Amino acid sequence: MESALVDVFGMAAGSGLSLRVGRAAFNHLIRQMGTEMGLLELDFRLQHARLRIRMGLERLSEVLLTPIGFMCVLEEQPDCWIWTLQAIQPCAPFNGHHFPIYFLKGLLQEYFAWSSGGKIYLVECQKIEAADSLVFSFYVNKQPLE
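In this report, the structure presented in the accompanying data block is examined. All values reported here derive from a predicted model rather than from experimental measurement.

About the thresholds
Residues numbered from 1 in each chain as written. Predicted model: local features only at pLDDT ≥ 70, side-chain atom pairs only at ≥ 80, totals over all residues. Heavy atoms only, no water. Helix = DSSP H or I, 4+ residues; strand = E, 2+ residues; numbered from the N terminus. Buried < 20%, exposed > 50% of the residue type's maximum accessible area, 1.4 Å probe, protein only. Contact = heavy atoms within 4.5 Å. Areas by Shrake-Rupley, 256 points an atom, 1.4 Å probe, with all protein chains shown as cover. Core = buried A, V, L, I, M, F, W, Y, C linked by side-chain atoms within 4.5 Å. Axes fitted to C-alpha atoms, helices over the stretch in contact; angles between N-to-C directions. Parallel < 35°, antiparallel > 145°, perpendicular 65-115°, else oblique. Nonpolar A, V, L, I, M, F, W, Y, C, P; charged D, E, K, R; others polar. Pairing = 2+ DSSP bridges. Salt bridge = Lys/Arg side-chain N within 4 Å of Asp/Glu carboxyl O.

Looking only at helices and strands, the protein has 5 helices and 4 strands in total. In sequence order, the protein lays out its α and β elements as α-α-α-α-β-β-α-β-β. Across the 146 residues of the protein, 40% fall into the buried class. Within the protein, residue pairs in contact and separated by at least 24 positions form 55% of the contacts whose partners lie at least 6 positions apart. About 8,100 Å² of surface is accessible on the protein, with carbon and sulfur atoms providing 56% of the total.

The following block contains the structure:
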């Protein structure tokens, strides 16, 4: 989908549309699977923000990325969270198709806005060049934008 949007509308508009689709998709994900994922539980919602964000990211990766063959590693640094995605099998899930970077970026932006009560966090993605694997790191600044 993301590569089709880029082909039709150009890089800037296509990636922006894909980002917006990712943000909208999170709301549907919460409505359809929020209870199953445990994101709507009172125990989850009342946790400290850092623990809630970490657990939510882990649950998102279990539901969205593990079934399609990605291993997710979450690392917390003093100024950011790093969500690293690595294909378990060499590039098998997409067979040369475009990885949905902007879709996932939008999904993460909306997750952080939802989990923090509406604050906007800067999310950046970096593709890590690896000879036999697909690796992406999403960096989320801990300081929300003002």
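Read on, since the account is not over.
Okay, the nonpolar core next. Among the nonpolar cores identified, the biggest contains 29 residues, and L57, W83, L85, F99, Y111, F112 and F138 are the most heavily contacted of them. Among the secondary structure elements, those contributing two or more residues to this core are α2 (11–37), α4 (49–64), β1 (70–76), β2 (80–87), α5 (101–115) and β4 (135–141). Residue contributions to this core peak at 6 residues, all from α5. Contact partners of L57, with chain neighbours within four places excluded, come to L74, W83, L108, Y111 and F112.

Their axes nearest at 12 Å, the elements α2 and α4 cross at an angle of 95°. The orientation of α2 with respect to α4, classified from their angle, is roughly perpendicular. Mapping the contact onto sequence places F26, L29, M33 and M37 in α2 and R59, L60, V63 and L64 in α4. By residue class, the composition of the contact of α2 with α4 is 7 nonpolar, no polar and 1 charged.

Spatially, 4 strands are ordered β1-β2-β4-β3 in an open sheet, and the strand pairing comes out antiparallel. In this open sheet, the two strands that pair with only one neighbour each are β1 and β3 (123–128). Going across the sheet, the axis of each strand differs from the next one's by a mean of 20°, ignoring polarity. Pairing analysis gives 7 bridges linking β2 to β4, with the strands arranged antiparallel.

Of all 8 residues making up β2, 6 are buried, and the element is well covered by its neighbours. Taken together, the 7 bridges between β1 and β2 define a ladder with antiparallel strand orientation. Bridge pairing in β2 places E76 opposite W81. In this antiparallel pair of consecutive strands, β1 and β2, the connection spans 3 residues.

Note that side chains of opposite charge can pair when their charged atoms are close. Going through the model one piece at a time under the given rule, you end up with 4 salt bridges. One salt bridge connects E76 with R50, and the closest N-O pair in it is separated by 3.9 Å. Linking E76 in strand β1 with R50 in helix α4, this pair joins segments that are 26 residues apart in sequence. When its relative accessible area of 34% is taken as the criterion, E76 is described as partly exposed. Judged by relative accessible area, which is 44%, R50 ranks as partly exposed. E58 is paired through a salt bridge with R54; the nearest N and O atoms lie 3.6 Å apart. With E58 and R54 both in helix α4 and 4 residues apart, this pair spans about one turn of that helix. Residue E58 is classed as partly exposed on the basis of its relative accessible area of 34%. The class for R54 is partly exposed, based on a relative accessible area of 26%. If you follow the salt bridges from partner to partner, you end up with R50, E76 and K142 in one network.

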